[in-house]
Amino acid sequence: MSSILLLTSSPRAESLSTPIAVDLAEKLKNQNPGSVVVRRDLAATPLPHIDDLFTGAIRKPAEARTAEEAVAVKTSDELVSELLAADTIVISTGLINFNIYSSLKTWIDNVARAGLTFKYTESGPVGLATGKKVYVVLASGGVYSQGPAAALNHAVPYLKSVLGFLGITDIETIYVEGLAFGPEAAEKAIDAAKSRVQEIALAA
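What comes next is a walk through the structure.

Calculation notes
Residues numbered from 1 in each chain as written. Predicted model: local features only at pLDDT ≥ 70, side-chain atom pairs only at ≥ 80, totals over all residues. Heavy atoms only, no water. Pairing = 2+ DSSP bridges. Helix = DSSP H or I, 4+ residues; strand = E, 2+ residues; numbered from the N terminus. Axes fitted to C-alpha atoms, helices over the stretch in contact; angles between N-to-C directions. Buried < 20%, exposed > 50% of the residue type's maximum accessible area, 1.4 Å probe, protein only. Contact = heavy atoms within 4.5 Å. Right-handed = clockwise from strand over helix to strand, strands pointing away.

### Here's the deal with the sheet that holds strand E6 (residues 133-139)
Logical step 1: Ordered by their spatial adjacency, five strands build an open sheet running E2-E1-E3-E6-E7, and the pairing between neighbours is parallel. If you trace the sheet from one side to the other, it starts and ends with strand E2 (36-41) and strand E7 (170-176), each paired once. Across the sheet, the axes of successive neighbouring strands diverge by a mean angle of 15°, strand direction being ignored.
Logical step 2: The pairing of strand E3 (residues 88-94) with E6 spans seven bridges and is classified as parallel. Paired with isoleucine 89 across the two strands is valine 134, which belongs to E6.

### Let's talk about helix H4 (residues 102-111)
Logical step 1: Across the ten residues that make up H4, a large majority, seven, are buried.
Logical step 2: Listed as buried for H4 are Ser103, Leu104, Thr106, Trp107, Ile108, Asn110 and Val111.
Logical step 3: Those residues of H4 that are buried lie in contact with strand E1 (3-8), helix H2 (52-57), helix H3 (67-85), E3 and helix H5 (155-165).

### A word on the pairing of E7
Logical step 1: With five of seven residues buried, E7 is to be regarded as a mostly interior element.
Logical step 2: In terms of strand pairing, E6 meets E7 through seven bridges, oriented parallel. From the neighbouring strand, valine 137 faces E7, where its bridge partner is isoleucine 174.
Logical step 3: Viewed along the sheet, the connection from E6 through H5 into E7 turns out right-handed.

Interpretation in functional terms is not warranted from these geometric data alone.
Spelled out as structure tokens, the structure:
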């Protein structure tokens, strides 16, 4: 059974990245009967930030952890299982201070686990979460996909770097940008993103 992992991270009620990502996940599901969508709304249900208890616990075998340590890594274990089970991952975020929302960064901190999603070898680290397609829906007030502000877009390079470290390299970004340039520009950006969603779904 195909699994689609949907990660939404915008805290904004009027978010545009969220509905477009949800629409893409649902369209992909409809194109693949029997598939399921597993959603994590990282803004509505924030994940715990990693702390000293967590970092100590993940360095031990599960059977060697104390009861408190087991509780500390329980959510992380669930997130890793969801990630590894997914065939497709849809991620939505706004561009905030030139990068991703902190809620999405916390998800990454929870799933980047040595021995589970990557491993160290004599020739360097190797990603273990391979064979997945990722779609990133990125909304922004300005234009960051190209032009003079592109250098300030740290969200996409970061996601490509960290997901690549986990073994995920097939990544496409759907930009919803220029939203602050007036209603006409915003409508054009939204329509372009929706058109790309439709194209992706039809090709699935």
